[in-house]
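This is what each chain is made of:
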Amino acid sequence: MLISDLVDVVGFDHCLTDPGLRTGYEVDWTGRYRGHTVAVLRPGSIEELAAVMKLCHDAGEPVVVQGGNTGMVGGGVPLHGELVVSVARLGNLRVISNLSLQAGAGATLAAVQQAAASVGARFGVDTAARESATIGGMIATNAGGMNVVRYGPMGDQLIDAGVVLADGRYVPSLLISDDDLLGHLAGSEGTLAVVAHATLAIGPTPPDLAIAMVEVPASEIEAVVGRVGSLESVFAVELFGAREVELAAMGIGRSAPARADWLVLAECRSDGDPLPELQAAVGDLPAVVATGQREGGELWLFREALTESVARLGVPHKYDVRIPHGALNDLRATVETAAPDADIFLWGHAFSDRQRTPLANVHVNAVGVVDDEAVFDAIETLNGSVAAEHGIGTAKRHRAAAARSDLAELRMLKDRLDPKGLLNPNVLFPPQ
Ligand code: 2HG
Ligand code: ZN
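## Some words on helix 3 (residues 46–59)
Between its terminal C-alpha atoms helix 3 stretches 20 Å, which fits the 20 Å expected from 14 residues at 1.5 Å a residue. The complete set of buried residues in helix 3 reads L49, A50, V52, M53, C56 and H57. Mapping the buried residues of helix 3 onto a view down its axis gives an arc of 160 degrees, with all of them on the same face. In this structure, the buried side of helix 3 is in contact with helix 1 (2–10), strand 2 (40–41), strand 3 (63–66), strand 4 (83–86), strand 8 (158–164) and strand 10 (194–204). Just past helix 3, the residue G60 takes up positive phi, approximately 65 degrees.

## Some thoughts on the packing of aromatic side chains
Counted under the stated rule, the structure contains two aromatic pairs. Relative to F235, the ring of Y151 lies with its centre 5.7 Å away and its plane at 85 degrees, an arrangement referred to as edge-to-face. Linking Y151 in helix 6 (residues 148–151) with F235 in strand 12 (residues 234–241), this pair joins segments that are 84 residues apart in sequence. Each member of the pair, Y151 together with F235, is buried. Stacked on the ring of F345, the Lys or Arg R243 has its end atom at 4.4 Å from the ring centre. The ring of F235 carries the charged tip of R269 above its face, separated from the ring centre by 5.8 Å.

## Side note on the sheet that holds strand 13 (residues 262–270)
The sheet built from seven strands is open, its strands ordered 14-11-13-12-16-17-15 with antiparallel pairing. Looking at the sheet topology across the chains shown, the edges are occupied by strand 14 (287–290) and strand 15 (317–324). With direction set aside, neighbouring strand axes in the sheet form an average angle of 15 degrees. Across eight bridges, the pairing between strand 16 (residues 342–349) and strand 17 (residues 359–368) is antiparallel. Residue pairing for strand 17: W347 is matched across the bridge by H363. Where helix 11 (residues 293–304) meets the sheet, it contacts strand 11 (208–216), strand 12, strand 13, strand 14, strand 16 and strand 17, and its direction lies at approximately 40 degrees from that of strand 11.

## Considering the nonpolar core
L181, L200 and V228 are the most contacted members of the largest nonpolar core, which has 113 residues in total. Residues within four places of L181 in sequence aside, it is in contact with V163, L165, L174, L192, A193, L413 and L417. Core analysis: the next-biggest nonpolar cluster, separate from the first, contains 25 residues, A236, A258, W300 and F345 among them.

## As for the coordination of the zinc ion (ligand 2)
All of the protein donors around the zinc ion (ligand 2) are H349 (NE2), H363 (NE2) and E389 (OE); their distances to the metal are 1.9 to 2.1 Å. Positions of the donor residues of the zinc ion (ligand 2) along the chain correspond to the pattern H-x13-H-x25-E. Of this pair, H349 sits in strand 16 while H363 sits in strand 17; the two residues are 14 residues apart in sequence, bridging distant segments of the chain. Owing to a relative accessible area of 3%, H349 belongs among the buried residues under this scheme. Look at H363 and you get buried, because its relative accessible area is 6%.

## Things to note about the environment of L6
Positionally, L6 belongs in helix 1. Along the chain, L6 and L422 lie 416 residues apart, while their C-alpha atoms are 17 Å from each other. Apart from residues no more than four positions distant in its own chain, L6 is found in contact with G11, L41, V52, L55, C56 and L83.

## Comments concerning the pattern of salt bridges
For the structure shown, the criterion picks out 18 salt bridges. The salt bridge partner of R169 is D167, with a shortest N-O separation of 3.0 Å. On the basis of relative accessibility, which here comes to 52%, the residue R169 falls in the exposed class. The partner of R399 in a salt bridge is E380, and the shortest N-O contact between them spans 3.4 Å. In this pair, R399 is assigned in the loop between helix 14 (372–381) and helix 15 (400–403) and E380 in helix 14, connecting sequence segments 19 residues apart.

## Digging into the domain arrangement of the protein
Partitioning the protein into domains gives domain 1 (2–86), domain 2 (93–205) and domain 3 (208–381). A separation of 21 Å is found between the C-alpha centroids of domain 1 and domain 2. Contact with domain 1, which involves 10 residues of that partner, is made by 13 residues of domain 2. Between domain 1 and domain 2, a total of about 990 Å² is buried, with carbon and sulfur atoms accounting for 79% of that surface. Area buried by domain 1 at its contact with domain 2 is led by I46, M53 and T70, which between them contribute 41% of it. Here domain 1 is connected to domain 2 by one residue pair in polar contact (both at pLDDT 80 or more). With six residues, helix 3 is the largest single contributor of residues to the side of domain 1 that touches domain 2. Partitioning the side of domain 1 that touches domain 2 into residue classes produces five nonpolar, four polar and one charged.

Calculation criteria
- Residues numbered from 1 in each chain as written.
- Chains lettered and ligands numbered in written order.
- Predicted model: local features only at pLDDT ≥ 70, side-chain atom pairs only at ≥ 80, totals over all residues.
- Heavy atoms only, no water.
- Helix = DSSP H or I, 4+ residues; strand = E, 2+ residues; numbered from the N terminus.
- Expected span 1.5 Å × (residues − 1).
- Buried < 20%, exposed > 50% of the residue type's maximum accessible area, 1.4 Å probe, protein only.
- Arc of directions from axis to C-beta.
- Contact = heavy atoms within 4.5 Å.
- Phe/Tyr/Trp six-rings, centres within 6.5 Å; stacked < 30°, edge-to-face > 60°.
- Lys NZ or Arg CZ within 6 Å of the ring centre and 35° of its normal.
- Pairing = 2+ DSSP bridges.
- Axes fitted to C-alpha atoms, helices over the stretch in contact; angles between N-to-C directions.
- Core = buried A, V, L, I, M, F, W, Y, C linked by side-chain atoms within 4.5 Å.
- Donors = N, O, S within 2.8 Å, 3.2 Å for Na, K, Ca; no water.
- Salt bridge = Lys/Arg side-chain N within 4 Å of Asp/Glu carboxyl O.
- Domains from an automatic or database assignment.
- Buried area = accessible area lost by both parts, 1.4 Å probe.
- Polar contact = N/O pair within 3.5 Å; in protein donor to acceptor, adjacent residues only side chain to side chain.
- Nonpolar A, V, L, I, M, F, W, Y, C, P; charged D, E, K, R; others polar.

Structural data, given as structure tokens:
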């Protein structure tokens, strides 16, 4: 009997079959995707993870892998009764030097950031969900986050990874692998292998800081984002509007520090004061400026509070889209036309890579009654892509072919590594 064999591996306390204990693993963070499972397995070591996967494989049992359950596209939820394998207990961290560290799949982003800071270094990916989001899931979705303009997404930080394959084989390093699994791991959404641990790049943080929340009229947004994005010292270029800053202000119980068509929250860091170059890029637009971590943090609060603030209004439909800078000003009206019975909020990252391609990752949140397909179609009329940095998940798998150019390659790899199709069966690939 599979469950009793699984209990033998992970122990009774880490094979959760009680409905009360399972429930948090059966629904995603937003409350939008809900599934069910008969058991949640919480292996405490790589050996246990490998043994769990082998048992599931031999029994032909599909599994959904879950980390911090902060995903937004339904990718970590057992939608069709799959077993859940939680990697939360695989959180070991080992700092190798001030240029790299090794993190267990279940290590939270905050723990990785602290480990990097302990050797005076910095990890390149940051998101507001840092206390819960885990490294395995962030690799699976190729998370971008707020410093993507500087460091690129998760895949750009990945030096090596150890994985457990669908059949339970543990591969401690992917550096020598015939099929370039390492190159395809980020963004593979747990469909190719279970990340057990990763070796991640870290690096020095320049000491001097300047942060500005700039009020930008619609007519100037493209030019301002372009100028700020071209600065040597740029670490973040975030975008939101008047509605959103009010929403965040309400969420955190403060008054909004700025109001305009667009607010650009820019952070620059360098050896030597970056403020003059940031000010030159912003010109004479009104801005609230901070040069210390603490006052800068006060400005960031208005950006980081958005996800939680919108969730208080209801269960939002989340569209994480990539659009050309030239379409930024049309985005709000286009989505409002496609979703006339919903309240639309949008915010995001002005760049989606460190090459600073003029493409923004924007999070459109719609609260109310919405036809998702109408919104996706509307995004495509703007030459946008319906998936940016949260992954395809289950939410967009029927549109994956348009959003991912590497899908055929991934499918081939999947067929080789997981021929029974047991790993995260509800995500990424269009339903067959
Ligand atoms: C962000 O950048 C996150 O704030 C979450 O990617 C976006 O809640 C969202 O839609
Ligand atoms: Zn984001």
